[in-house]
Amino acid sequence: MIVFNVRFLLLSLMLFLGLSTLARATPVDTYQFQSEVNQARALSIANELRCPQCQNQNLIDSNSPVAQDLRLIVFEMVDAGRSDREIIEFMTSRYGEFVLYKPKMEPKTYLLWLGPSVLLIMALLIGFLFIRRHSAKANTAQTMSEDDHKELDALLKKNKDS
């Protein structure tokens, strides 16, 4: 009975380890660049472009088929001698400004660029006004009169005695 359990455990462990290696397997790009400079440039451009399917990953990090195709297009365009600007313009003409992690500063993206700063300034202003109003109320609080002090002392003394 014990031998059966040990064999079962060993077989289960081997099966688990064998299947876990398959889970880690990911497709690897095997594109051969003409030079290491082109490779570095292509990887830099692909890092700046967002995957249209994943939306939260760049072309390098994404394993989606769309990202693989776009990586290949970027790699081929770099090796063909296209400039960074030409490659980015090609991608934005095809997929829109969405593929850029850093969209251009233009009227339609002002809210995107300036929105966080405006919200921070508004939050600081509201906080300042709130603190100022609170401290103003604390400063205008009435001070105790002489009679109030005597009455408080009498109550405290009475409380001690009892």
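Everything quoted here is computed from the prediction, not taken from an experiment.

By size, the foremost hydrophobic cluster in this structure holds 18 residues, and its most contacted members are I45, L49, L59, V74, V78, I87 and M91. At the level of secondary structure, the elements contributing two or more residues to this core comprise α2 (36-48), α3 (65-79) and α4 (84-95). Element by element, the count of residues in this core is highest for α3, at six residues. Aside from chain neighbours lying at most four places away, what touches L49 is N58, L59, V74, M91, V99, L100 and Y101.

Chain-level statistics for the protein give a pLDDT mean of 81 and a share of 86% at 70 or above. When pLDDT is averaged over each helix and strand of the protein, the minimum, 70, is found for helix α1 (residues 2-23) and the maximum, 90, for α4. The low-confidence segment residues 24-28, where pLDDT is below 50, has two contacts with residues more than four positions distant or belonging to other chains.

Right, let's get into the packing of α2 against α4. Their axes nearest at 11 Å, the elements α2 and α4 cross at an angle of 35°. Here α2 and α4 pass one another in a crossing that is right-handed. Residues R41, I45 and E48 of α2 touch α4, and the partners they reach there are D84, I87 and I88. When grouped by side-chain class, the residues that make up the contact of α2 with α4 number three nonpolar, no polar and three charged.

A few words on the packing of aromatic side chains. As enumerated under the stated definition, the model contains one aromatic pair in all. When the centroid spacing of 4.9 Å and the interplanar angle of 65° are considered together, the rings of F33 and F75 count as edge-to-face. Remark: F75 occurs in helix α3 and F33 occurs in the loop between α1 and α2; sequence separation between them is 42 residues. On the basis of relative accessible area, F33 is assigned to the buried category, the value being 18%.

With 15 residues, α3 extends 21 Å from end C-alpha to end C-alpha; this agrees with the ideal 21 Å at 1.5 Å per step. Summarising the contacts, the buried residues of α3 are in contact with α2 and α4.

To continue, consider a negative patch on the surface. On the surface, E146, D147, D148 and E151 cluster together to form a negatively charged patch. Tracing the chain through its elements places D148 in helix α6 (residues 146-161).

By the definition in use, this model includes zero disulfides. The thiol sulfur of C51 is not disulfide-bonded, and the nearest other cysteine sulfur, from C54, lies at 3.5 Å. The class of C51 is buried, set by a relative accessible area of 0%.

Closest axis-to-axis distance for the α3/α4 pair is 10 Å, and the angle between their directions is 150°. For the pair α3 and α4, the crossing hand works out as right-handed. Contacts between α3 and α4 involve L70, I73, V74, M77 and V78 from the former and E86, I87, F90, M91, R94 and Y95 from the latter. Split by residue class, the contact of α3 with α4 holds nine nonpolar, no polar and two charged.

Rules behind the numbers
- Residues numbered from 1 in each chain as written.
- Predicted model: local features only at pLDDT ≥ 70, side-chain atom pairs only at ≥ 80, totals over all residues.
- Heavy atoms only, no water.
- Core = buried A, V, L, I, M, F, W, Y, C linked by side-chain atoms within 4.5 Å.
- Buried < 20%, exposed > 50% of the residue type's maximum accessible area, 1.4 Å probe, protein only.
- Helix = DSSP H or I, 4+ residues; strand = E, 2+ residues; numbered from the N terminus.
- Contact = heavy atoms within 4.5 Å.
- pLDDT = per-residue confidence, 0-100.
- Axes fitted to C-alpha atoms, helices over the stretch in contact; angles between N-to-C directions.
- Left-handed = near helix turned anticlockwise from the far one by under 90°.
- Nonpolar A, V, L, I, M, F, W, Y, C, P; charged D, E, K, R; others polar.
- Phe/Tyr/Trp six-rings, centres within 6.5 Å; stacked < 30°, edge-to-face > 60°.
- Expected span 1.5 Å × (residues − 1).
- Patch = residues over 30% accessible without salt bridge, like charges linked within 9 Å, V, L, I, M, F, W, Y side chains within 5 Å.
- Areas by Shrake-Rupley, 256 points an atom, 1.4 Å probe, with all protein chains shown as cover.
- Salt bridge = Lys/Arg side-chain N within 4 Å of Asp/Glu carboxyl O.
- Lys, Arg positive; Asp, Glu negative; His and termini not counted.
- Charge placed at Lys NZ, Arg CZ, Asp CG, Glu CD.
- Disulfide = S-S within 2.5 Å.

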